[in-house]
Amino acid sequence: VRAAGIWSGGVMATDAAAGAAAAAPPLPRAWLTHGALSLDEAVRRVTSAECGAIATFLGTTRNSFEDKEVLRLEYEAYEPMAIKEMEAIIEEAFANPSFKDVRHIVCGHRSSSVQCRNIVS
């Protein structure tokens, strides 16, 4: 079974390798954005004819925390460190025997203000 997935502390997507992308350089596996993340873009980065599934995770802003109202979340990041940490998470997933059939993983994270009930990553 070949698997694919998307994780989000941002968005993370995984999929089996495709042999067709020789013409264009590969897109980064980890990225930050100040705007909204695109689930479609993450899925596009991992889609492969060799895989029969794509697993995804998206975080959202909830309206309360410890009985206090939440209006929005403010995300900041030191980009070089954030990219390095997301790459480490990707490598950790690849090293885990439970994910031996995963072929591609991408991880994106939003660095900006996120209103309640919006997608965080």
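Read on for an overview of the structure. Computed from a prediction, not measured in an experiment: that's the story for all the values here. (Residues numbered from 1 in each chain as written. Predicted model: local features only at pLDDT ≥ 70, side-chain atom pairs only at ≥ 80, totals over all residues. Heavy atoms only, no water.)

### What about the overall build of the protein?
Inference 1: Secondary structure summary: the protein contains 2 helices and 7 strands in total.
Inference 2: For the protein, the sequential pattern of α-helices and β-strands runs β-β-α-β-β-β-α-β-β.
Inference 3: Out of the 121 residues in the protein, the part that is buried amounts to 32%.
Inference 4: Within the protein, counting contacts between residues at least 6 apart in sequence, those at least 24 apart form 77% of the total.
Inference 5: For the protein, the accessible area works out to roughly 7,800 Å², and carbon and sulfur atoms hold 55% of it. (Helix = DSSP H or I, 4+ residues; strand = E, 2+ residues; numbered from the N terminus. Buried < 20%, exposed > 50% of the residue type's maximum accessible area, 1.4 Å probe, protein only. Contact = heavy atoms within 4.5 Å. Areas by Shrake-Rupley, 256 points an atom, 1.4 Å probe, with all protein chains shown as cover.)

### Observations regarding helix H2 (residues 79–95)
Inference 1: Between its first and last C-alpha, H2 extends 24 Å over 17 residues, near the 24 Å set by a 1.5 Å rise per residue.
Inference 2: Considered for burial, the residues of H2 that qualify are Ala82, Met86, Ile90 and Ala93. Buried residues of H2, seen end-on, are gathered within an arc of 75° and therefore sit on one face of the element. Within H2, the exposed residues directed more than 90 degrees away from the buried face are Met81, Lys84, Glu92 and Ala95. (Expected span 1.5 Å × (residues − 1). Arc of directions from axis to C-beta.)

### Overview of the nonpolar core
Generally speaking, soluble globular proteins have nonpolar side chains that are buried together.
Inference 1: Listed in full, the 9 residues of the largest apolar core are Ala30, Leu32, Ala82, Met86, Ile90, Ala93, Val102, Ile105 and Cys107.
Inference 2: At the level of secondary structure, the elements contributing two or more residues to this core comprise strand S2 (30–33), H2 and strand S6 (104–110).
Inference 3: The greatest single-element share of this core, amounting to 4 residues, is contributed by H2.
Inference 4: Membership of the second largest hydrophobic core comes to 5 residues, among which are Trp31, Ala42, Val46 and Val106. (Core = buried A, V, L, I, M, F, W, Y, C linked by side-chain atoms within 4.5 Å.)

### Re the side chain of Arg110
Inference 1: One can find Arg110 in strand S6.
Inference 2: Summary of buried charges: Arg110 has no salt-bridge partner, and the nearest side chain of opposite charge, Glu74, is 9.6 Å away.
Inference 3: For Arg110, the side chain forms a polar contact with the side chain of Ser112, separated by 3.0 Å. (Lys, Arg positive; Asp, Glu negative; His and termini not counted. Salt bridge = Lys/Arg side-chain N within 4 Å of Asp/Glu carboxyl O. Polar contact = N/O pair within 3.5 Å; in protein donor to acceptor, adjacent residues only side chain to side chain.)

### Things to note about the pairing of S6
Inference 1: Most of S6 sits inside the fold, with 6 of its 7 residues counted as buried.
Inference 2: Bridging between S2 and S6 involves 4 bridges; their strand directions are parallel. Each bridged residue has a counterpart across the sheet, and for Ala30 the counterpart in S6 is Cys107. (Pairing = 2+ DSSP bridges.)

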